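Each chain, letter by letter, is given below.
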Amino acid sequence: MGDVLAGIHATWEFESDSVLIRFERGIRAPKLYQALRERRIPHEALESVSLSQGKRGTVVLHAVPRPGADPLMDAAAGQLKESCDPYRLVLPAERETLAEYYADELRTCLTPYASKPADRHLVAAPEAPLNFKAYDGRAGFDGRQVTFRWFWTGASSEKWKAGDQTFPVAALSGVDWRSPEVFDGHLRLLRRDADGGPAQADRDPAAVIFGLGYGPVHESLPFAAAVLAAVRGGAGPAIPHQPVPVAAGRRDPADIAERIRHLGDLHQAGLVTDDEFSAKKAELLAEL
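Below, the structure is looked at part by part. (Residues numbered from 1 in each chain as written. Predicted model: local features only at pLDDT ≥ 70, side-chain atom pairs only at ≥ 80, totals over all residues. Heavy atoms only, no water.)

**Topic: the overall build of the chain**
Broken down by element type, the chain carries 7 helices and 14 strands. Within the chain, the proportion of its 288 residues that are buried is 45%. Restricting the contact set of the chain to residue pairs at least 6 apart, pairs at least 24 apart contribute 61%. Here the chain has roughly 14,600 Å² of accessible surface; of this, 51% comes from carbon and sulfur atoms. (Helix = DSSP H or I, 4+ residues; strand = E, 2+ residues; numbered from the N terminus. Buried < 20%, exposed > 50% of the residue type's maximum accessible area, 1.4 Å probe, protein only. Contact = heavy atoms within 4.5 Å. Areas by Shrake-Rupley, 256 points an atom, 1.4 Å probe, with all protein chains shown as cover.)

**Overview of the pairing of strand β6 (residues 58-65)**
The buried fraction of β6 amounts to 6 of the 8 residues, a majority that puts the element mostly inside the structure. The pairing of strand β5 (residues 46-53) with β6 spans 7 bridges and is antiparallel. If you follow Ser48 over to β6, its bridge partner there is Val64. (Pairing = 2+ DSSP bridges.)

**Regarding the packing of aromatic side chains**
Taken as a whole, this structure holds 10 aromatic pairs when the rule is applied. Each ring, one from Phe132 and one from Phe210, has its centre 5.9 Å from the other, and the planes form 65°; the classification is edge-to-face. Of the two residues, Phe132 is situated in strand β8 (residues 130-133) and Phe210 in the loop between β14 (207-209) and α5 (217-233); the sequence distance between them amounts to 78 residues. With a relative accessible area of 1%, Phe132 lands in the buried category. When its relative accessible area of 8% is taken as the criterion, Phe210 is described as buried. (Phe/Tyr/Trp six-rings, centres within 6.5 Å; stacked < 30°, edge-to-face > 60°.)

**Some thoughts on the sheet that holds strand β11 (residues 165-168)**
The strand order across the open sheet built from 4 strands is β8-β9-β10-β11, with neighbouring strands paired in antiparallel fashion. One side of each edge strand has no neighbouring strand; the edge strands of this open sheet are β8 and β11. This sheet shows a mean twist of 10° between the axes of neighbouring strands, independent of strand direction. Sitting on the sheet, α5 is in contact with β8, β9 (137-141) and β10 (145-150), with an inclination near 140° to β8. (Axes fitted to C-alpha atoms, helices over the stretch in contact; angles between N-to-C directions.)

**A word on the pairing of strand β2 (residues 10-14)**
Burial along β2 is one-sided: the face carrying Ala10, Trp12 and Phe14 is buried and the face carrying Thr11 and Glu13 is not. As paired strands, strand β1 (residues 4-6) and β2 are joined by 3 bridges and run antiparallel to one another. Among the inter-strand pairings, Val4 is bridged to a residue of β2, identified as Glu13. Two strands pair when backbone bridges link them, and β2 and strand β3 (residues 18-23) are joined in this way by 5 bridges, in the antiparallel orientation. For Glu13, the partnering residue across the bridge sits in β3 and is Leu20. Linkage of β2 to β3, two consecutive antiparallel strands, is achieved through a turn of 3 residues.

**A few points about the nonpolar core**
Membership of the largest hydrophobic core comes to 64 residues, with the highest contact counts inside it found for Leu61, Leu187 and Leu189. In this view, Leu189 contacts Val146, Phe148, Phe167, Leu172, Gly174, Val175, Ala206 and Val227; residues no more than four positions away in its chain are not counted. Ile256, Ile260, Leu263 and Phe277 belong to the second largest nonpolar core, which has 5 residues in total. (Core = buried A, V, L, I, M, F, W, Y, C linked by side-chain atoms within 4.5 Å.)

**Focus on the pattern of salt bridges**
The full count for this structure, using the stated rule, is 15 salt bridges. Residue Arg22 pairs with Glu38 through a salt bridge whose shortest N-O separation is 2.7 Å. Taken as a pair, Arg22 in strand β3 and Glu38 in strand β4 (residues 38-42) lie far apart in primary sequence, 16 residues in all. For Arg22, a relative accessible area of 39% puts it in the partly exposed group. For the salt bridge of Arg144 with Asp142, the shortest nitrogen-to-oxygen distance reads 3.2 Å. Of the residues examined, Asp142 reaches a relative accessible area of 35% and is grouped as partly exposed. Taken together, the salt bridges that share partners define one network made up of Glu13, Arg22 and Glu38. (Salt bridge = Lys/Arg side-chain N within 4 Å of Asp/Glu carboxyl O.)

**Some thoughts on the sheet that holds β3**
If you walk across this open sheet you meet the 4 strands as β1-β2-β3-β4, and the pairing is antiparallel. For this open sheet the edge positions go to β1 and β4, each flanked by a neighbour on one side alone. Across this sheet, the average inter-strand angle for adjacent strands is 15°, counted without regard to direction. Docked against the sheet, helix α3 (residues 96-107) engages β1, β2 and β3, running at close to 135° with respect to β1.

**Section: α3**
Spanning 12 residues, α3 covers 16 Å between terminal C-alpha atoms, matching the ideal 16 Å at 1.5 Å per step. Of all the positions in α3, only Ala99, Tyr102, Ala103 and Leu106 are classed as buried. Projection of α3 onto a plane perpendicular to its axis shows the buried side chains occupying an angular sector of 105°, all on one side. Each element contacted by the buried residues of α3 is listed here: β1, β2, β3, β5, β6 and β7 (88-92). (Expected span 1.5 Å × (residues − 1). Arc of directions from axis to C-beta.)

Given below as structure tokens:
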């Protein structure tokens, strides 16, 4: 092949062993498309290809990835809206014949094991470093470890007691992403050494919670996919997780003062013991 099929918000370039999808970055394009920019989908990563009628005089060329082939779709776990599905190419209805031709061409490229789950990721994950702002903290991933730094205005007392967190990839077994477009949206890191069932996301130091304007799909989903790919790609032997304060150099004194004030409120409310208050206050003052 080697031809190009331009649709609404994306262009598919058909190569001998893959499809290169280039996403439009215009203001009307879904923000997830703008964040992804482009993706190369090997033929062996595809399960099926279909062409169907779309809305308002359009047709939709839809490629379905094999389970386990794409970390982005694995992390999404069926929660993406159709309008954000990066495997859907929407075209004007008058291009239906051309779209059917390319659909047939792609079907001939499917492998004999297309109906089986992939034993490894075949599509590249978004590249680190990545970060996003959640409701109760800021999440960062540098390719080797995930960090959560709590916000004094949103983090629960349980998270404040635990302190800012660092999770080496080797200490993780997976990622649970719950879309910010549902009531209890969150990103939770699944730890190898976790005992029992997970706590509520707002109380779990291994999770950040979303909210209106926090953890949007185009920021938190690529983040989850990158972490998932690193976990499944193997990052050395599993090691126990130890809470580690995130190194951030010298902090803004005003920020430290606000954090100590909030800690004092928790102490007065009986949510933090005298020892916990003294230890955390000393830790914060040491960051000045």
